[in-house]
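Summary of the model geometry
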Amino acid sequence: MNVILSRGLSYGYRSQPAVDAVDFEIRTGEWLGIVGPNGSGKSTVLRMLARLVKPHGGSVLLDGAELDSLNPKETARKLSMLAQNQDASLDITVRELVRKGRHPHLKWFQDGSSSAHEDVVDWAIAAASLQELQHRPLPALSGGERQRAWLAMALCQTPDILLLDEPGTYLDIAHQLDLMELVRKLNKERGTTVVMVLHDLNQAARYCDRLLAVKKGKIAAEGTPGELFREEFFRDIFGVSGRIRTEDGIPSFQPVRTVRQKA
Amino acid sequence: MAAVMTPGELRRSRNPAWARNAAVLSAVSALLALAALSGLVIGAIHIPIREVWSVLLHPADTEAYQIVWNLRLPRVLTGMMVGCCLGTAGALLQGVFRNPLADPGIIGVSSGGGLAAIAIMILFPAQIALLPAAAFVGALAASAVVYLLAWKGGASPVRLILAGVAVNSLLGAAMSALMILNSEKVQSVLPWMSGSLNGRSWPHVDTLFPYALLGIAAAMMLIKPANLLALGDDAAKLLGVRVEVYRLLIVACAAFLAGAAISTAGMVGFVGLVVPHIARLLIGGDYRILLPVSAVGGAALVTLADTAARSWFDPIEFPVGILLALLGAPFFLYLLRKGAKR
């Protein structure tokens, strides 16, 4: 069963496309990692799935229906995303931000103050460990705390599919792990389908069910971490040579040096 | 981390900001009441509060009645409505532009209304009765042009601001040209350009009231969309908000409010910029509280400033817009330097 199907998805000018007619599927309940070098088009792919960028060609099917033709609020009940950058000047409290995640579930005149909605807000705040910070204004938080607040808002949407764009960028290593464990819990316990763009390949191998490697706007490789982690994979896609080690069935990569790539 | 709270406890733990918000809203409302009262009491002829009350409750044909009912009360009411419209418009615009420097001028309202009004005053002085209508239409037309110029599959805040700057300088040049070519008539234009409530009376109240009411009601309906747009375009889109539709509605509402204010009182600046900015420093960016505080605060500020403008410089009727800028700018700078203590 696939929940998202990309057909010939393209972005950019014909002479130099950022994303070049990619086809892939995302299966219900899986954790898919999208990896690739800088400028490969992986974030653009994710942003097209999230309706933030309009594709120049091809289409995305969500549960079999064209993403373009769906009601935006209905889509927002199924799919949410933690973006890479957020407006740092936004001056509202953490709880108010998280409450905004209920918007897709509310009618235009509803405020979301009913107990059923507040229950979800409480759950999202607790899931992101923000209990102590819930009444603090966002500008008073650290970058990592703010990132967690935005994640809590995305969780508050109670999506079936959660997209994350390099969520570890502003987090120290402990908070990175906390975040990955939280996402794993959502994935395992709630069956949330996860699509994550990430740079840390070893984290990708540890957590993702399947990887999609993107290079120059095309899908260069696709498979489980065990299938993909070969020395040629890192040399061809990232231009790095190194050693692969496997421990407890999870492969990891130790980079040694960059190698000159064929133009 | 301290003791873990259960969800129920989480919700019940009161938001400490509520008390502060309530205090700020009460303080601004008290200020407005004080401003209105002083507007009735203070002037060339001092009328004690007791007498003001008695003429308000039992109208009698006395001199005090004439002054309070026919001169001061309509002027206070006009000032309140003008300030209320400008404060609300500014608050809406600072949110959709996510820019603290956005004010009703940025979308061409002032320059569009200004050019239309000056054209009437200088070129068609016989049609002076049409001035408010012309200023209102000019204000809305200019903001529509700004929006059209900024549109390219959507109107991003940056494109709107750039288009606004371009249209403002064009219309500003046209205003200057009109005035220089007709320099003998400039004297009559100046008070209007500075923003003035001189001689505003019941007909002005009657004309402005329905527009102000409609605009404020629309603004209140837009509180939720304004809060969502303030999250940023991407975040709002991810929540299923039709960003471009609501941005257009909010900008249109702000242009309507500011256009109504300008057509009545001339180019009163500063209120739409400073009042929402100060409100934001005090209470943050949640429109459920920011919009009412900006509306009431704008009304209080214009009413107070107008009372001061007509009494301090007696017998000269000083334009309220000039006083607002003279007093408001230093106060604003003081607040900025002091920073928000929250």
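So, about the state of the cysteines. In protein chemistry, a disulfide is the covalent bond that joins the sulfur atoms of two cysteines. Summed over all chains, the structure comprises zero disulfides over all chains. Among the cysteines around cysteine 84 of chain B, which has no disulfide bond, cysteine 85 of chain B carries the closest sulfur, lying 5.9 Å off.

All names here are of chain B. With their axes 10 Å apart at the nearest point, helix α5 (residues 109-123) and helix α8 (residues 186-194) run at an angle of 155° to one another. Classed by the angle they form, the pair α5 and α8 counts as roughly antiparallel. For the pair α5 and α8, the crossing hand works out as right-handed. Here α5 contributes Gly113, Gly114, Ala117, Ile118, Met121 and Ile122 to the contact with α8, which in turn contributes Ser188, Val189, Trp192 and Met193. Here the residues of the contact of α5 with α8 sort into seven nonpolar, three polar and no charged.

On to the sheet that holds strand β6 (residues 79-82) of chain A, then. Residue and element names in this part refer to chain A. A sheet is described by the order of its strands in space; here six strands give the open sequence β6-β7-β8-β3-β9-β10, paired in mixed fashion. The sheet is open, and its two edges are formed by β6 and β10 (218-223), each paired on a single side. Recorded for the sheet is a direction-independent mean angle of 15° between the axes of neighbouring strands. Relative to strand β8 (residues 193-197), strand β3 (residues 31-35) runs parallel, the two sharing four bridges.

Below, the discussion takes up the interface of chain A and chain B. Counting from both sides, the interface comprises 42 residues of chain A and, opposite them, 34 residues of chain B. Interface area for chain A against chain B, summed over the two sides, is near 3000 Å², with a carbon-plus-sulfur share of 57%. At the boundary of chain A and chain B, one finds three salt bridges. Taken together, the elements giving at least two residues each to the side of chain A that touches chain B come down to α2 (72-78), β6, α3 (94-100), α4 (115-127) and α5 (143-156) of chain A. When the residues that make up the side of chain A that touches chain B are grouped by side-chain class, the tally is 16 nonpolar, eleven polar and 15 charged.

This brings us to the sheet that holds strand β4 (residues 57-62) of chain A. Residues and elements named next belong to chain A. Across the sheet, which stays open at both edges, the four strands sit in the order β2-β1-β4-β5 with antiparallel pairing between neighbours. Taken across any chain shown, the strands that pair with only one partner, and hence form the sheet edges, are β2 (17-27) and β5 (65-66). As judged from the seven bridges shared by strand β1 (residues 2-12) and β2, these two strands associate in the antiparallel manner. If you follow leucine 9 over to β2, its bridge partner there is valine 22. Helix α1 (residues 42-49) rests against β1, β2 and β4 of the sheet, and its axis sits at about 60° to β2.

All right, on to the packing of helix α2 (residues 17-41) of chain B against helix α14 (residues 287-312) of chain B then. For any two helices packed against each other, the geometry comes down to the angle between their axes and how far apart the axes lie. All names here are of chain B. Contact geometry for α2 and α14: axes closest at 8 Å, N-to-C directions at 25°. With respect to α14, the axis of α2 lies roughly parallel. Two packed elements cross with a definite hand, and for α2 against α14 that hand is left-handed. Mapping the contact onto sequence places Asn21, Val24, Leu25, Val28, Ser29, Leu31, Leu32, Ala35, Ala36, Ser38 and Gly39 in α2 and Ile289, Pro292, Val293, Val296, Gly297, Ala299, Ala300, Thr303, Leu304, Thr307 and Arg310 in α14. Looking at side-chain class alone, the contact of α2 with α14 contains 14 nonpolar, seven polar and one charged residues.

Attention now moves to the side chain of arginine 102 of chain A. Residue and element names in this part refer to chain A. By the secondary structure assignment, arginine 102 is in the loop between α3 and α4. No salt bridge is formed by the buried arginine 102. Its closest oppositely charged neighbour is glutamate 118, at 8.8 Å. In this structure the side chain of arginine 102 is engaged in a polar contact, spanning 3.1 Å, whose partner is the side chain of histidine 117. For arginine 102, the contacting residues outside a window of four places in its chain are His117, Val120, Val121, Cys156, Gln157 and Thr158.

In this section: the confidence of the model for chain A. Reading predicted coordinates in detail is not appropriate for stretches of low pLDDT. The share of residues in chain A with pLDDT of 70 or more is 99%, and the mean pLDDT across the chain is 90. Of all secondary-structure elements in chain A, the lowest mean pLDDT belongs to β1 of chain A, at 88, while β8 of chain A reaches the highest, 96.

Under the defined criterion, the tally for this structure stands at 22 salt bridges over all chains. Across the pair glutamate 96 of chain A and lysine 100 of chain A runs a salt bridge whose closest N-O atoms are separated by 3.7 Å. You can see glutamate 96 of chain A and its partner lysine 100 of chain A sitting in helix α3, four residues apart, about one turn around the helix. Grouping residues by exposure puts glutamate 96 of chain A and lysine 100 of chain A together as buried. The partner of arginine 210 of chain A in a salt bridge is glutamate 222 of chain A, and the shortest N-O contact between them spans 3.0 Å. Of this pair, arginine 210 of chain A sits in strand β9 (residues 210-215) while glutamate 222 of chain A sits in strand β10, placing them twelve residues apart in sequence. Arginine 210 of chain A gets classed as buried once you look at its relative accessible area, which sits at 6%. Judged by its relative accessible area of 39%, glutamate 222 of chain A falls in the partly exposed class. Each of Arg95, Glu96, Arg99, Lys100, Asp111, Glu118 and Asp122 of chain A together with Asp286 and Arg288 of chain B takes part in salt bridges that share partners, so that together they form one network.

Rules behind the numbers
Residues numbered from 1 in each chain as written. Chains lettered and ligands numbered in written order. Predicted model: local features only at pLDDT ≥ 70, side-chain atom pairs only at ≥ 80, totals over all residues. Heavy atoms only, no water. Disulfide = S-S within 2.5 Å. Axes fitted to C-alpha atoms, helices over the stretch in contact; angles between N-to-C directions. Helix = DSSP H or I, 4+ residues; strand = E, 2+ residues; numbered from the N terminus. Parallel < 35°, antiparallel > 145°, perpendicular 65-115°, else oblique. Left-handed = near helix turned anticlockwise from the far one by under 90°. Contact = heavy atoms within 4.5 Å. Nonpolar A, V, L, I, M, F, W, Y, C, P; charged D, E, K, R; others polar. Pairing = 2+ DSSP bridges. Buried area = accessible area lost by both parts, 1.4 Å probe. Salt bridge = Lys/Arg side-chain N within 4 Å of Asp/Glu carboxyl O. Buried < 20%, exposed > 50% of the residue type's maximum accessible area, 1.4 Å probe, protein only. Lys, Arg positive; Asp, Glu negative; His and termini not counted. Polar contact = N/O pair within 3.5 Å; in protein donor to acceptor, adjacent residues only side chain to side chain. pLDDT = per-residue confidence, 0-100.

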